[in-house]
Amino acid sequence: TLWRQWRVHRKVIGFAAAGVVFTLVTVLVVVAQWHALDAGVPPFCSKGGAAAVFANTGASAGHSLLIFSGNAKHGILVDETKRFLFDKSWWRTVFPSRDGSGIQSEFSDDGRPSPRWKSSAVANDTSMVLFGGHALVADASGQGGGWTIDEDPADAGFANDLWVMHHADVGDACEPSWEYVHFGEGESVPSPRRSHAAARVGHTMFVFGGK
């Protein structure tokens, strides 16, 4: 369930006496109220999904939250992408097109990132950048969502792949698409990991720590 907090500002005016001098005292009281936002079909109940918040003020869908994958009940990895539109208070399912550039990665599910959890994501303009996580290998992710990461350790592993979902925060007129970022031989790439932190500063993504 997604919640929104409203703030109501109230002014309380009183008087304080100091000898023969009266001072006007104004106290600002902020009352926080929570409201559930359940419009549309929300994501599966899961943990460890990658999330990015967009603040796009252009002529698109406006501010939005994007959530990719996650670990549902009993360790089943969720294979879905959801977007919440703040201006409409509405959940939508996103179906990005696949990358057809011939990806050589064990964590690629036919041109898209395989289901995973404890990965990281940052928003970059209208794109979401996804890195690493505990992911299903390609063969296991093709079993229709019935596999869990706890049944067989060989079905999953720690990833260090980098993906970009282009047009992640635009309206229905433009279809989102996945792009796998290829690195050349000898380039420095972070080691495979999960449970790490990531942040965007300018047009740079920083990755720190993890398991």
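Below you will find a few notes about this structure.

Parameters and conventions
- By convention here, each chain's residues receive numbers from 1 onward along its written sequence.
- With the structure being a predicted model, the display of local features is reserved for residues of pLDDT at least 70 and the display and counting of side-chain atom pairs for 80 or more, all residues being used for whole-chain, interface and lining totals.
- Side-chain metrics in this entry use all non-hydrogen atoms of the structure; hydrogen atoms and water are not considered.
- Starting at the N terminus, helices and strands are each numbered in turn, a helix being any DSSP run of H or I of at least four residues and a strand any DSSP run of E of at least two.
- Three labels apply to residues, based on accessible area from a 1.4 Å probe with only protein chains included: buried if under 20% of the type maximum, exposed if over 50%, partly exposed otherwise in between.
- Pairing between strands is defined by DSSP: at least two bridges between them are needed.
- In this analysis, axes come from line fits to C-alpha atoms, helices being fitted only over the stretch in contact, and the angle between any two N-to-C directions falls in the range 0 to 180 degrees.
- Should any heavy atoms of two residues lie within 4.5 Å, those residues are considered in contact.
- Between the rings of Phe, Tyr and Trp (Trp by its six-membered ring), a pair exists once the centres lie within 6.5 Å; its type follows the angle of the planes, with under 30 degrees stacked, over 60 edge-to-face, and the other angles tilted.

1. Let's talk about unusual backbone geometry
Line of reasoning, step 1. In this structure, Lys118 is a non-glycine residue whose phi angle is positive, near 55 degrees.
Line of reasoning, step 2. In this structure, Lys118 sits in the loop between strand 7 (116-117) and strand 8 (120-124).
Line of reasoning, step 3. Unlike most non-glycine residues, Asp125 shows phi in positive territory, near 60 degrees.
Line of reasoning, step 4. When you line up the elements, Asp125 lands in the loop between strand 8 and strand 9 (127-136).
Line of reasoning, step 5. For Asp125, a relative accessible area of 49% corresponds to the partly exposed category.

2. Comments concerning the sheet that holds strand 3 (residues 50-54)
Line of reasoning, step 1. Reading across the sheet, the four strands line up as 3-4-5-6 and stay open at both edges, with antiparallel pairing between neighbours. Where the open sheet ends on each side, the last strands, each with one partner, are strand 3 and strand 6 (90-93). On average, each strand axis in the sheet is inclined to that of its neighbour by 20 degrees, with strand direction left out of account.
Line of reasoning, step 2. Here strand 5 (residues 81-85) pairs with strand 6 via four bridges, running antiparallel. Its bridge partner lying in strand 6, Lys82 is registered against Thr93.

3. Some points on the environment of Val189
Line of reasoning, step 1. Tracing the sequence through the fold places Val189 in the loop between strand 11 (177-180) and strand 12 (197-201).
Line of reasoning, step 2. A relative accessible area of 31% means that Val189 is categorised as partly exposed.
Line of reasoning, step 3. Taking C-alpha positions, Val189 is 8.9 Å from Asp161, a pair spaced 28 residues apart along the chain.
Line of reasoning, step 4. In this view, Val189 contacts Asn160 and Phe183; residues no more than four positions away in its chain are not counted.

4. Side note on the environment of Gly210
Line of reasoning, step 1. Checked against the element boundaries, Gly210 lands in the segment after strand 13 (204-208).
Line of reasoning, step 2. In this structure, the C-alpha to C-alpha distance between Gly210 and Ala198, residues twelve residues apart in sequence, is 10.0 Å.
Line of reasoning, step 3. The residues touching Gly210, leaving out its near neighbours within four places in the chain, are Arg194, Ser195 and His196.

5. Focus: the packing of aromatic side chains
Line of reasoning, step 1. Tallied over the full model, the rule gives five aromatic pairs.
Line of reasoning, step 2. Pairing Phe84 with Phe86 gives two aromatic rings, centres 5.6 Å apart and planes at 75 degrees, and the pair type is edge-to-face.
Line of reasoning, step 3. On the basis of relative accessible area, Phe86 is assigned to the partly exposed category, the value being 27%.
Line of reasoning, step 4. Between Trp163 and Tyr180, the aromatic rings sit 5.1 Å apart at their centres with planes inclined by 65 degrees, giving edge-to-face as the arrangement. A residue pair is termed long-range when its members are at least 10 positions apart, and Trp163 in strand 10 (residues 156-166) and Tyr180 in strand 11 qualify at 17 residues. The burial state of Trp163 is the same as that of Tyr180; both residues are buried.

6. Section: the pairing of strand 8
Line of reasoning, step 1. Counting buried positions along strand 8 yields four of five residues, so the element is predominantly enclosed.
Line of reasoning, step 2. Of the pairings in the sheet, the one linking strand 8 to strand 9 comprises five bridges and is antiparallel in character. Following the sheet pairing, Ser120 is matched in strand 9 by Phe131.
Line of reasoning, step 3. Adjacent in sequence and paired antiparallel, strand 8 and strand 9 are bridged by two residues, among which Asp125 carries a positive phi angle near 60 degrees.

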